[in-house]
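Summary of the model geometry
Now for the letters of each chain:
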Amino acid sequence: MPRIYIETYGCQMNVSDSELMLGVLGREGYVRTDDPVDADVMLVNTCAVRDHAEQRVLGRLGELKRYKRPGDVLGVVGCMAQRLGPTLLERVPQVDLVIGPDGYRGLPELIARARDGERAADVAFKSWEHYEDVPPVRSSQVSAFVTVQRGCDYRCTFCVVPMTRGPERSRKLADVVGEVTRLAEQGTTEVTLLGQTVNSYHDGQHDFAALLRAVGAVEGIQRLRFTSPYPTDFTDAVLVAMAETPAVCEHAHLPVQSGSSRTLKRMLRRYDRERYLQVVAALRQAVPGIALSTDIIVGFPGETEADFQETLSLVEAVGFDDAYTFKYSVREGTPAVRIKDHVSEETKTERIGRLIAVVRRVAKQKNIRLVGTTHEVLVEGPAKRGDLLQARTRTNKIALVEGPAEWIGTYRRVRFTGTTGSTFTAWPVESTPNVLPLRVADRGAGGEAWQPPT
Ligand code: 5AD
């Protein structure tokens, strides 16, 4: 049986797309390998959102060349493949095929052609493509990504995604519910709905509110997440659906990009600072205790120190639980290329440093207050280090807990015993050992009252 190795960069949708590709190739008899040495076909599923992401892939392609035996195929797929198309074949001689996000159905054919010595690229957009008939091969049974929308119709001036993923389209609600039902039947209890602006989902008949209600009603689904929403697409109907659907988790990733209304306007975001803060307030009212995370870009063209100060003050004003921070990266073909007044690399580095410090401080203050509180966690798998288990709260906090492997995939109640500032250590509540929490002294107000272990 031929063996396929896939390496995935970038967003969750890429993780989900890699699972689709394994599905497409699985039907052809391919089996997955985690070691490129064994592989007959190696695929790199790429991201194009920043230059740094592309440079990493180029470096990695150089390394993967070493594992390529005669007859083996090396392919570049995903957003960078879409962006560069056939030029990637010219630029990187060891690459045999290049396929964009709408072309994965053609993988078996292009692989066969590559074996015959033909190097080919498929970067055509197919606005109907949802891979509806392809059963994804998922790596985890505990929690599943379910793509509900592909492409993007927004035109944020910094962003390359509309050029790499094509026009926005939504899957039919019934198809999504069917997939989630099959997942639940196999024992999956948590799903994350994916889309570039997921809450603008509309299948012609149903909006995102209807989708949340329908997926939340699938028997066996205990946790429902979605990413990434667009701030101004939280309609009242969506907020009410979130509030009324018990499975919807108390967490939203709400990319703000900047705290300065002037910058937001030039980014062509469809809200200003005030409007974003209103959305935050509405979410907090609809879903008490909701945790909020965000994406922030520093050094967008024309960003002044005063603009940047507004971003810092927004992080404080919202009190984000977490934030992903990026230095602005010029993307060829995006509208922002034409904006003059570029911010120097040095200033970007300096600003991102200050931003990260504020983000960490704000998150740490919140997290310290949670030490001593108890939470329901879903145990996801072994932790990356040590022999602990990694578990997650509904609010998306990660806790490391000691327990047997049988706990993987189950829900437990735990008490947070300490925090690094971002993640937690925890004890199962049912069997709290007779030791004091690690950082009682740090515990502030808020959350459930802390009780000494008995
Ligand atoms: N430069 C830097 N960051 C970017 N992002 C998107 N495009 C760019 C760019 N050109 C960030 C945004 C987005 C996240 C996925 O990547 O913050 O939300």
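Report on the accompanying structure. Remember, it's a predicted structure, so these values are computed and weren't measured experimentally.

So, about the nonpolar core. One recurring pattern in soluble globular proteins: nonpolar side chains tend to sit buried together. With 67 residues, the main nonpolar core has Leu193, Leu212 and Met242 as its most contacted residues. No other element matches the six residues that helix α7 (residues 173-185) contributes to this core.

So, on to unusual backbone geometry. With an omega of -10°, the peptide bond running from Thr227 to Ser228 counts as cis. Mapping Ser228 onto the fold places it in the loop between β11 (223-227) and α9 (236-244). Non-glycine residue Tyr131 carries a positive phi angle of around 55°. Structurally, Tyr131 is set in the loop between β6 (120-122) and β7 (143-147). On the accessibility criterion, Tyr131 (2% relative accessible area) is buried. Of note, the phi angle at Asn396 is positive, near 75°, even though the residue is not glycine. Here Asn396 lies in the loop between β16 (389-393) and β17 (398-401).

Turning next to the side chain of Arg138. Looking at where Arg138 falls in the secondary structure, it is placed in the loop between β6 and β7. There is a polar contact of 2.9 Å between the side chain of Arg138 and the backbone oxygen of Phe145. At 2.5 Å, the side chain of Arg138 and the side chain of Glu179 are in polar contact. Every residue in contact with Arg138, bar those within four places of it in the chain, is listed here: Glu19, Ala144, Phe145, Val146, Glu179 and Leu183.

Within the span of helix α5 (residues 107-115), buried status applies to Leu107, Pro108, Leu110, Ile111 and Ala114. Here the buried residues of α5 occupy an arc of 165° about the axis, which is enough to place them on one side. Next to the buried residues of α5 lie α1 (12-26), β3 (41-46), β4 (73-78), β5 (97-99) and β6. Just beyond α5, the residue with positive phi is Gly117, at close to 90°.

Let's shift gears to the packing of helix α8 (residues 208-216) against α9. A packed helix pair is summarised by two numbers, namely the angle formed by the two axes and the spacing between the axes. Between α8 and α9, the shortest axis-to-axis distance is 8 Å and the interhelical angle comes to 15°. Taken as axis vectors, α8 and α9 run roughly parallel relative to one another. Regarding α8 and α9, the two cross each other, and that crossing is left-handed. Residues Phe208, Ala209, Leu212 and Arg213 of α8 pack against Ala237, Val238, Val240, Ala241, Met242 and Glu244 of α9.

Cut-offs applied
- Residues numbered from 1 in each chain as written.
- Predicted model: local features only at pLDDT ≥ 70, side-chain atom pairs only at ≥ 80, totals over all residues.
- Heavy atoms only, no water.
- Core = buried A, V, L, I, M, F, W, Y, C linked by side-chain atoms within 4.5 Å.
- Buried < 20%, exposed > 50% of the residue type's maximum accessible area, 1.4 Å probe, protein only.
- Helix = DSSP H or I, 4+ residues; strand = E, 2+ residues; numbered from the N terminus.
- Polar contact = N/O pair within 3.5 Å; in protein donor to acceptor, adjacent residues only side chain to side chain.
- Contact = heavy atoms within 4.5 Å.
- Arc of directions from axis to C-beta.
- Axes fitted to C-alpha atoms, helices over the stretch in contact; angles between N-to-C directions.
- Parallel < 35°, antiparallel > 145°, perpendicular 65-115°, else oblique.
- Left-handed = near helix turned anticlockwise from the far one by under 90°.

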